[in-house]
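The residues making up each chain are set out below.
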Amino acid sequence: MNVNAAASPGIAAPWVGRSVPRVEDPALLTGRGRFIDDLGVRPGTLHAAILRSPHAHANIVSIDIEAAKQARGVAAVLTGNDIKALTASLVVGVKAPVECWPIAVGRVRYVGEPVAIVVAESRYLAEDAVDLIDAQYDALPAVIDPLRTMEAEAPLLHEGFPNNIASDRRFKYGDPDRVFAEAPHTIAVTIRYPRNSCTPIETYGIVAEYDSGEQAFDVLANFQGPFSIHAVLSRALKVPGNRLRLRTPPDSGGSFGVKQGVFPYIVLIAAAARATGRPVKWIEDRLEHLTASVSATNRATTLRAAVTGEGRILALDWDQVEDCGAHLRAPEPATLYRMHGNLTGAYDIGHVAVRNRVVVTNKTPTGLNRGFGGPQVYFALERLVQRIAVELKLDPLDVITRNLVPSGAFPYRTAPGALLDSGDYQQALARGIREGGLAELRKRRDEARAEGRIYGIGFAAVVEPSVSNMGYITTVLTAAERRKAGPKNGAQATATISIDPVGSVTVHVASVPQGQGHRTVLAQVVADVLGLTPADIRVNAEIDTAKDAWSIASGNYASRFAPAVAGTTKLAAERLAARLARVAASTLNTETDDIAFAGGFALSKRNPDNRIAFSRIAALSHWSPGALPDDVGQTIRETVFWTPPELTPPDDSDHINSSLCYGFIFDFCGVEIDRVTLQTRIDRYVTMHDCGTILHPAMVDGQVRGGFAQAVGAALYEEYAYAPDGSFLTGTFADYLLPTVAEVPEPIILHMQTPSPFTPLGSKGVGEGNCMSTPVCIANAVADALGVENIELPLLPARLAETLRGAETPAPTGTAKAKDAPKGGRKLIGEGTATVRASPEQIWKMLLDPMTLQAVIPGCHDVRKISETHFRADVTLGVGPVKGRYRATVTLSDLDQPHGVTLTGTAEGALGFGSGKGRITLVPGENGGTTVRYVYEAEIGGKVASIGGRLLDGAARVVIGQFFAALARQAGGSAASQSIVASAMAGIRRLFGGRR
Amino acid sequence: MTRMAAGQRHRLRFVLNGAAVDRECEPRMLLTDFIRHEIGATGTHVGCEHGVCGACTVSIDGRPARACLTLALQAEGCEVRTVESLAGGPDRLGVLQAAFRRNHALQCGFCTAGILMSLDTLLARRPDATEAEIRDVLTGHLCRCTGYAPIVKAALEAAAELKGETSREPVDA
């Protein structure tokens, strides 16, 4: 392997700043990656499957696990009470008498909440047994809206959160009241930011083991940090930190913050390992991931600005209502406070008022997600800037320019307390406009509009924070509460450089990458310091909390790698190099400051011929420590912990420098909206970045492109959608639409580099910026194109149609289909006919006979006749990846023997619930046959409701087709089923997934 | 149609990356689980198990197929190829793989195996595939890291190289 093949071996040119090929790639490209599910497990390892709630809010009446426990291969079935007995509640992020368990205890509060875990010899057998658990619920009213949840009549989720409000804090910086009272204009926006997620393609995975002798857990999980969660986990598992060994696999298939959310499952699976005395493995499936892993927060914001007639913003007034879902899990409500110091964005605004409320609703709990608070804040702030321009009849670019923090003002302290480290926002704007071709884009817009097309241009200017202050979250507490708890601040980064007995160099960092190429960049950084090539350096970025240097800030989040981890690695290499220089000076008979490291040698700068191979100097500490100069100590291993002094705790007036670095992004774009379909097409997108010193240009561009693609999804397609009853509607990738290559245009990426004075390499984070700037930039362009005030994401054509053309005209009344709108969940309506070669009398008999029904109903296990007109049945049905067992009751009415019967029924199972009504009529046909007509109408909720409507309708047709085919077979005739069913079957068969 | 007893293991023979496989499995076992956990070829990944993300794509008799929607027994008598077959040797990269590396067309690498297999089967069948055809095939894959542009560029470079329009020195893995 030679990573340097493409680069010249020049001694002077640094490796940092070059796009060298990645050391990570060969294994990943040849199928030799080591992701968690690739690693194999110890013999005897058990596999877990989880029963999840179909209800958004319900009391658990009973959970019958007896049949599941008796099933083949099952070692244990654990419910909430079992887990509660083995663990302690997870820490809740605010001071309130509220518990937070990783599994429902007595009550479920969101669709997908774990209700029971089956641990069995294989995943297949565990899922079989999940189907046999009989959980009975008493459904409660659910609330999913962040504003409605605060109303008096809304159902209460937790007794300890009155009115479902977990926190309500007000902040004042400067004198916003006076400024608003005196300002010439007050302009406001009210927005709703939707729920979405960056959905890594690899789901969660855990292998946990418990050593009862040492009362210690060993957990391997594709967790991403922050490792402050380690303290949450050890507390929940009721062991000291040194008895929870948490390790990460070598490769992780993307995270974008999301894999922080694996931690409640670590508690569950570790508890299961303890209960069974065996290692337990769990790999989340996609439906579980989309439904119940973690989500970004949705937020309702009203933002007001006090403005001069020229568009100068004098003060801001934020009112944010943050929806954290059903439980306030650590580190929430961090999403709300991560941006607190930079609530003024890229602007010089002296007065700020803030009201922050954190609420709970019957939705999946929230957590880290790329952008973390930025998309929500900038959607409000940059929409406001656009509205200011519209209302004051100004050019939006002029409003941005007039308010930017002046160049030369850095480091600049914002009103809420952020210390913007460096930048030249005016220059970035000017270069973006020039190099990105804004003049040409404006011409395109004018031409398009002249032709009658719908075209608009949008702008966004944002600061991108990186390296979070671990103390920012305590801003949610009052100053008095903070004093009591003790100050929290800083962000320890760690790096260890080791030299082995043959003088080769190994680097370890606690950074846990998920594809960001950390190992490649660190090899570049260390090669530069030690005069070696990147190929000489081996880097390990996994974490083993039992052996490695780590701290609470360890992990891969808040874009901290380039500014903090890479910088700390440089410091560690320099410390080792300083000591090696003393060894080399003594060997080469010169002074320490005459020593340089270059080309694989330690050499005298004055006389480069006087040199010694690096490996020989490096190995001395192993082989002849006595020969080293006295003051050197050892040169075997150097660990540096680095925390920047700028990251101070919040002061008594709630000023907080929430991050260490603040990059700058200026975006603009042109969009065209199809006049007929209202599809938004991004015509051109320009994104100008200043992320300080760039360590690896191709990787920086990769971060920008990746973030941009996710932001395009958030702007145009993606939403974790819920029905009013709390049913989750986007449980597959056919419903939660990620952009593909066809939907993501190639952005024009521009860079300037203003080094950060606060980081060792001058670099800042770059990974999250477009997730903050792009959704609102596109929204501003759409607002410009359509001339509308309110823009809600995602910009689905249907939503734009509602904005432009008003709500859709209701379907004419009087037809069966339009009678009542669904209260929630999904509605299925269908009708059809089938021809069966048997007389109506014969068919009538069969339809009322339990034995026949059991034989002909697809997936039916058992039919019991309760009375002449009342039946109970157990049925297993599958739709797409959702296959489960349901208990159904059917009542017959309007009996008109042998011509027609009405069936009314309900079904409930682990995967969902439903009720429906259907009418079957039997009409004598030719040759003694019968034409069976049926119409049905059903409503479903729970997990099955998360399957797309088309899939459900298709599946219903298939099941009905199978029913009549079997009925015909049973009657002795052959099926004359409809062709429509046959073609649907072929389509559905392809879509049948699941682990069965 | 052959009917298989659900609870029983059935004999299964096919060719995986040139080597004969002769084993038994239950009818419900997915091809993904079989090749990953029974055989140990873990290069093929599972991203959604409902056929949308494309991470599990393999070649079955020269056609791209979602291994997560294929039962292992359906591979009976077939020639199955996975990402492990693409490199010229243990320390080499194939043309497509080298192009991906050059263009930073992967980050976490989880979706990559499926993308490589779709492109490999496309370029084998259609050496003159246009950019539009390449993009069309790529719409069957979800990648959350790269934003796709580097993947398109790598695919075009590899296609040109395979056609002999450009040539490069072999690249060591």
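Residues numbered from 1 in each chain as written. Chains lettered and ligands numbered in written order. Predicted model: local features only at pLDDT ≥ 70, side-chain atom pairs only at ≥ 80, totals over all residues. Heavy atoms only, no water.

Participant: Talk me through the overall build of chain A; I want residue IDs and the actual numbers.
Facilitator: In terms of regular secondary structure, chain A is built from 24 helices and 35 strands. Computed over its C-alpha atoms, the radius of gyration of chain A comes to 31 Å, within 12% of the 30 Å expected for a compact globule of 996 residues. When the accessible surface of chain A is totalled, it reaches about 35400 Å², and 51% of it is carbon and sulfur. Chain A carries 100 positive and 102 negative side-chain charges, and their two centres are separated by 2 Å. (Helix = DSSP H or I, 4+ residues; strand = E, 2+ residues; numbered from the N terminus. Rg over C-alpha atoms; globule rule 2.2 N^0.38 Å. Areas by Shrake-Rupley, 256 points an atom, 1.4 Å probe, with all protein chains shown as cover. Lys, Arg positive; Asp, Glu negative; His and termini not counted. Charge placed at Lys NZ, Arg CZ, Asp CG, Glu CD.)

Participant: Summarise the interface of chain A and chain B; cite the residues concerned and give the values.
Facilitator: Counting residues at the interface gives 64 residues for chain A, matched by 51 residues for chain B. Summed over both partners, the interface of chain A with chain B comes to about 4600 Å²; 58% of that surface belongs to carbon and sulfur atoms. Considering only the side of chain A, the residues that lose the most area to chain B are Leu29(A), Ile201(A) and Val741(A), jointly responsible for 18% of the buried surface there. On inspection of chain A and its partner chain B, the count reaches five salt bridges. Its salt-bridge partner being Glu26(B), residue Arg72(A) comes within 3.5 Å of it at the nearest N-O pair. Summed over the shared surface of chain A and chain B, the result is 19 residue pairs in polar contact (both at pLDDT 80 or more). Broken down by element, the side of chain A that touches chain B gets its largest block of residues, seven residues, from helix H18 (residues 697-716) of chain A. Residues belonging to the side of chain A that touches chain B are distributed by class as follows: 26 nonpolar, 20 polar and 18 charged. (Contact = heavy atoms within 4.5 Å. Buried area = accessible area lost by both parts, 1.4 Å probe. Salt bridge = Lys/Arg side-chain N within 4 Å of Asp/Glu carboxyl O. Polar contact = N/O pair within 3.5 Å; in protein donor to acceptor, adjacent residues only side chain to side chain. Nonpolar A, V, L, I, M, F, W, Y, C, P; charged D, E, K, R; others polar.)

Participant: Would you mind going over the pattern of salt bridges in detail, with residue names and values included?
Facilitator: Evaluated as defined, the whole model comprises 59 salt bridges over all chains. Arg28(B) is paired through a salt bridge with Asp128(A); the nearest N and O atoms lie 2.8 Å apart. Of the two residues, Arg28(B) is situated in the loop between strand E2 (19-25) and helix H1 (31-39) and Asp128(A) in helix H4 (residues 123-130); the pairing between them involves two chains. With a relative accessible area of 18%, Arg28(B) lands in the buried category. For Asp128(A), a relative accessible area of 26% corresponds to the partly exposed category. (Buried < 20%, exposed > 50% of the residue type's maximum accessible area, 1.4 Å probe, protein only.)

Participant: Break down the domain arrangement of chain A for me, with residues and values.
Facilitator: Residue and element names in this part refer to chain A. The domain architecture assigned to chain A consists of domain 1 (418-469 + 657-808), domain 2 (492-642) and domain 3 (816-991). The distance between the C-alpha centroids of domain 1 and domain 2 comes to 39 Å. Where domain 1 touches domain 2, the interface holds zero salt bridges. Run the count over domain 1 and domain 2 and you get three residue pairs in polar contact (both at pLDDT 80 or more). The set of elements that each furnish at least two residues to the side of domain 1 that touches domain 2 consists of strand E18 (454-468), strand E26 (659-673) and H18. Looking at the side of domain 1 that touches domain 2 residue by residue, the classes come out as nine nonpolar, eight polar and three charged. (Domains from an automatic or database assignment.)

Participant: How would you explain the packing of aromatic side chains if you had to name every residue and give the values?
Facilitator: All chains considered together, the criterion is met by 21 aromatic pairs over all chains. Judged by centre distance (6.1 Å) and plane angle (55°), the rings of Phe14(B) and Phe34(B) are tilted. Here Phe34(B) lies in helix H1 and Phe14(B) lies in strand E1 (residues 10-16), a separation of 20 residues in the sequence. We classify Phe14(B) as buried; its relative accessible area is 3%. Put simply, the rings of Tyr720(A), Tyr722(A), Phe728(A) and Tyr736(A) touch in pairs and so form one group of aromatic residues. One cation-aromatic arrangement involves Arg611(A) over Phe601(A); the distance from NZ or CZ to the ring centre is 3.6 Å. (Phe/Tyr/Trp six-rings, centres within 6.5 Å; stacked < 30°, edge-to-face > 60°. Lys NZ or Arg CZ within 6 Å of the ring centre and 35° of its normal.)

Participant: Give me the pairing of strand E14 (residues 313-323) of chain A: which residues, what numbers.
Facilitator: Two faces belong to every sheet, and in a regular strand the side chains alternate between them. All names here are of chain A. Here E14 lies mainly inside the structure; eight of its 11 residues are buried. Here 10 bridges tie strand E13 (residues 298-307) to E14, and the two strands are oriented antiparallel to one another. Across the sheet, residue Ala300 finds its bridge partner in E14, namely Val321. Between E13 and E14, which pair antiparallel in sequence order, lie five residues; one of them, Gly311, sits at a positive phi of approximately 90°. Relative to strand E15 (residues 351-359), E14 runs parallel, the two sharing nine bridges. Paired with Leu316 across the two strands is Val352, which belongs to E15. (Pairing = 2+ DSSP bridges.)

Participant: Go over the packing of helix H3 (residues 112-125) of chain B against helix H4 (residues 131-138) of chain B with me, naming the residues and quoting the values.
Facilitator: Packed helices, taken two at a time, are described by their axes: the angle between them and the distance between them. Residues and elements named next belong to chain B. Where H3 contacts H4, the two axes come as close as 10 Å, and the packing angle between them is 140°. Between H3 and H4, the angle is such that the two are oblique. The element H3 and its partner H4 pack so that their crossing is right-handed. Seen from H3, the contacting residues are Ile115, Ser118, Leu119 and Leu122; seen from H4, they are Glu133, Ile134, Val137 and Leu138. Counted by class, the contact of H3 with H4 contains six nonpolar, one polar and one charged residues. (Axes fitted to C-alpha atoms, helices over the stretch in contact; angles between N-to-C directions. Parallel < 35°, antiparallel > 145°, perpendicular 65-115°, else oblique. Left-handed = near helix turned anticlockwise from the far one by under 90°.)

Participant: Outline empty space enclosed by the protein, supporting the account with residue identities and numerical values.
Facilitator: Residues and elements named next belong to chain A. Enumeration over the complete set of coordinates arrives at nine cavities of 30 Å³ or more. The computed volume of the largest cavity comes to approximately 1400 Å³. Looking at the largest cavity, it is lined by 48 residues, and the ones nearest its centre are Leu877, Val890, Ala938, Val959 and Ile960. Listed by contribution, the elements that provide at least two residues to the lining of the largest cavity are strand E31 (870-879), strand E32 (882-896), strand E33 (900-909), strand E34 (912-924), strand E35 (930-941) and helix H23 (949-970). At nine residues, E34 tops the list of elements feeding residues into the lining of the largest cavity. (1 Å grid on protein atoms, 1.4 Å probe; cavity = no way out; pocket = protein on both sides within 12 Å on 5 of 7 lines; lining within 4 Å. Points joined across faces, edges and corners; volume = space filled by probe spheres on them.)

Participant: Got a sec to walk through the sheet that holds strand E11 (residues 244-247) of chain A? Specific residues and values, please.
Facilitator: All names here are of chain A. An order of E3-E5-E1-E12-E9-E10-E11 is seen for the seven strands of this open sheet, with the pairing classed as mixed. The outermost strands of the open sheet, each flanked by one partner alone, are strand E3 (74-79) and E11. Sheet twist, expressed as the average angle between the axes of neighbouring strands with direction ignored, equals 20°. Here strand E10 (residues 216-221) runs beside E11; their pairing, made up of four bridges, is parallel. What sits directly across from Phe217, in E11, is Leu244. Each of strand E1 (46-52), E3, strand E5 (114-120) and strand E12 (280-283) touches H4; the most contacted strand, E1, lies at about 30° to it.

Participant: Kindly report on the nonpolar core, identifying the contributing residues and their values.
Facilitator: Within the largest apolar cluster, 275 residues are counted, with the highest numbers of intra-cluster contacts made by Ile206(A), Val219(A), Trp318(A), Phe664(A), Ile778(A) and Phe100(B). For this core, the element with the most residues is helix H16 (residues 561-588) of chain A, which contributes 15 residues. Grouped together as the second largest cluster of nonpolar side chains are 39 residues, Ala834(A), Val856(A), Val901(A) and Leu952(A) included. (Core = buried A, V, L, I, M, F, W, Y, C linked by side-chain atoms within 4.5 Å.)

Participant: So what's going on with the state of the cysteines? Which residues, and what values?
Facilitator: Under the counting rule described, the total for this entry stands at zero disulfides over all chains. Here Cys771(A) stays free of any disulfide, with the sulfur of Cys198(A) as its closest cysteine sulfur at 4.8 Å. A residue is classified by how much of its surface remains accessible, and Cys771(A), at 5% relative accessible area, is buried. Cysteine Cys25(B) remains unbridged, with the sulfur of Cys78(B) as its closest cysteine sulfur at 13 Å. Among the residues examined, Cys25(B) registers a relative accessible area of 1% and is labelled buried. (Disulfide = S-S within 2.5 Å.)

Participant: Requested: an account of the pairing of E13(A), with residues and values cited.
Facilitator: Residue and element names in this part refer to chain A. A large share of E13 lies buried, amounting to eight of its 10 residues. Sheet topology note: the strand E8 (residues 185-193)/E13 ladder contains nine bridges and is antiparallel. Of the residues in E13, the one forming a bridge with Arg192 is Ala300.

Participant: Hey, could you go over the domain arrangement of chain B for me, with residue numbers and the actual values?
Facilitator: Residue and element names in this part refer to chain B. In terms of domains, chain B is made up of domain 1 (10-85) and domain 2 (95-162). Each of domain 1 and domain 2 has a C-alpha centre, and the two are 21 Å apart. In this assembly, domain 1 packs against domain 2 so that about 1300 Å² is buried in total across both faces, 58% of it on carbon and sulfur atoms. Taken together, the links from domain 1 to domain 2 amount to one salt bridge.

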